[in-house]
Amino acid sequence: MEINTAEYIGSWQKNADMPHTEKPEFAFIGRSNVGKSSLINMLTQRNGLAKTSSTPGKTQSINLFLLNKQIQFVDLPGYGYAKVSKDQREVFGKMIKYYLRDRMNLFCLFVLVDLRIKPQAIDLSFINECGENGIPMALIGTKADKLKPAELAENKSAIENALLEVWDELPPFFISSAETKEGREEIWSFIKGTLPK
Ligand SMILES: Nc1nc2c(ncn2[C@@H]2O[C@H](COP(=O)(O)OP(=O)(O)OP(=O)(O)O)[C@@H](O)[C@H]2O)c(=O)[nH]1
Ligand SMILES: [Mg+2]
């Protein structure tokens, strides 16, 4: 996918304050530091469009980007970061919850999981809750460049098996690396497939 224009629209603390639009929207969520903002930059081929950091807890609001004047990407704060205060975690939790509950133009939520580690309870419970709420979802395993192929396959299956204990069917599952750009074509082709013809 060629990205001709990528614009930062703004940041909001509450879904209710966000501009309403019917443009198809794709949001990125996952634990702090999993690589949400980096993936947005990789997919849009714009380093620095979404702010990244090696310190977890960088993204603290709902950030909206408009691509090719046509579709929107949303960079969300991470969940489950122990070092932010309990109050702040609650604020992030509500931000995410109401965004997911009320955003009418959300076409797909990409849930990012770190492929370097075994399935994490917080990821599984988040994914299960989204499934229960009927949120259209796809999984993206991140930081694939850090793993050998065998480890990658093993960790991906471990996540799939954990989900298959609860669900009969798995959501689409992509592998990505912001470093090598692995997964870029597959993710864009999936996004295009969800758009109205
Ligand atoms: N090797 C490698 N590092 C990555 C990859 N994606 C992200 N990182 C690194 O992981 C760290 C966190 O990346 P971010 O994109 O800021 O993560 P985030 O999920 O947006 O984090 P928060 O906004 O804090 O929730 C940064 O140091 C990135 O350079 C990847 O695919 N490969
Ligand atoms: Mg971020």
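Please read these numbers as outputs of a predicted model, since none were measured by experiment.

(A) Summary view of the site of ligand 1. Every one of the 22 residues lining ligand 1 counts as a neighbour, but K36, S38, G57, D145 and A178 are closest to it. G35 places a polar main-chain atom, nitrogen or oxygen, 2.9 Å from an oxygen atom of ligand 1. At a separation of 2.7 Å, a nitrogen atom of ligand 1 approaches a polar side-chain atom of D145. Burial of ligand 1 by the protein chains amounts to 88% of its free accessible area of 660 Å².

(B) Representation of the packing of helix 1 (residues 36–44) against helix 5 (residues 184–194) within the structure. Direction vectors running N to C along helix 1 and helix 5 enclose 85°, while the axes themselves pass 10 Å from each other. Our classification of the angle between helix 1 and helix 5 gives roughly perpendicular. Along its contact with helix 1, which presents L39, M42 and L43, the element helix 5 presents R184, I187 and W188. A class-by-class count of the residues in the contact of helix 1 with helix 5 yields five nonpolar, no polar and one charged.

(C) Focus on the sheet that holds strand 4 (residues 71–75). The strand order 1-3-4-2-5-6-7 describes an open sheet built from seven strands, whose pairing is mixed. Each edge of the open sheet is held by one strand with a lone partner, namely strand 1 (6–12) and strand 7 (173–175). When strand polarity is set aside, the average angle formed by the axes of neighbouring strands in this sheet is 25°. Two elements, strand 1 and strand 3 (residues 62–67), share six bridges in a ladder whose sense is antiparallel. Paired with E7 across the bridge in strand 3 is L66. Helix 4 (residues 149–164) rests against strand 5 (106–114), strand 6 (137–142) and strand 7 of the sheet, and its axis sits at about 160° to strand 7.

Scoring rules and cut-offs
Counting starts from 1 at the beginning of each chain's written sequence and moves along it residue by residue. Each chain gets a letter, beginning with A, and each ligand a number, beginning with 1, in the order they are written. Only residues with pLDDT of at least 70 get local features here, since the model is predicted, and only at 80 or more are side-chain atom pairs given and counted; chain-wide, interface and lining totals rely on the full set of residues. Heavy atoms from the whole structure form the basis of all side-chain values; hydrogens and water molecules are not counted. Neighbouring residues are identified by heavy atoms, a residue being near a molecule or strand if any of them is within 4 Å of it. Whenever a nitrogen or oxygen atom comes within 3.5 Å of another N or O atom, the pair is scored as a polar contact, on the condition that within protein one atom can donate a hydrogen and the other can accept it, and that pairs from neighbouring residues in sequence are kept only if both atoms are in side chains. Computed with a 1.4 Å probe, the accessible areas rest on the Shrake-Rupley method; for each residue, only the protein chains presented here act as cover. Throughout, an axis means a line fitted to C-alpha atoms (over the contacting stretch in the case of helices), and angles, computed between N-to-C directions, take values from 0 to 180 degrees. For the purposes of this entry, the term helix denotes a DSSP run of H or I that reaches at least four residues, the term strand denotes a run of E that reaches at least two, and both are numbered from the N terminus. Oblique is the label for every angle not falling under 35 degrees (roughly parallel), over 145 degrees (roughly antiparallel), or within 65 to 115 degrees (roughly perpendicular). Any two residues having at least one pair of non-hydrogen atoms within 4.5 Å are treated as being in contact. Following the grouping adopted for this structure description, the nonpolar residues are Ala, Val, Leu, Ile, Met, Phe, Trp, Tyr, Cys and Pro, the charged ones are Asp, Glu, Lys and Arg, and the polar ones are all others, Gly among them. The rule for pairing is simple: two strands pair if DSSP sees at least two bridges between them.

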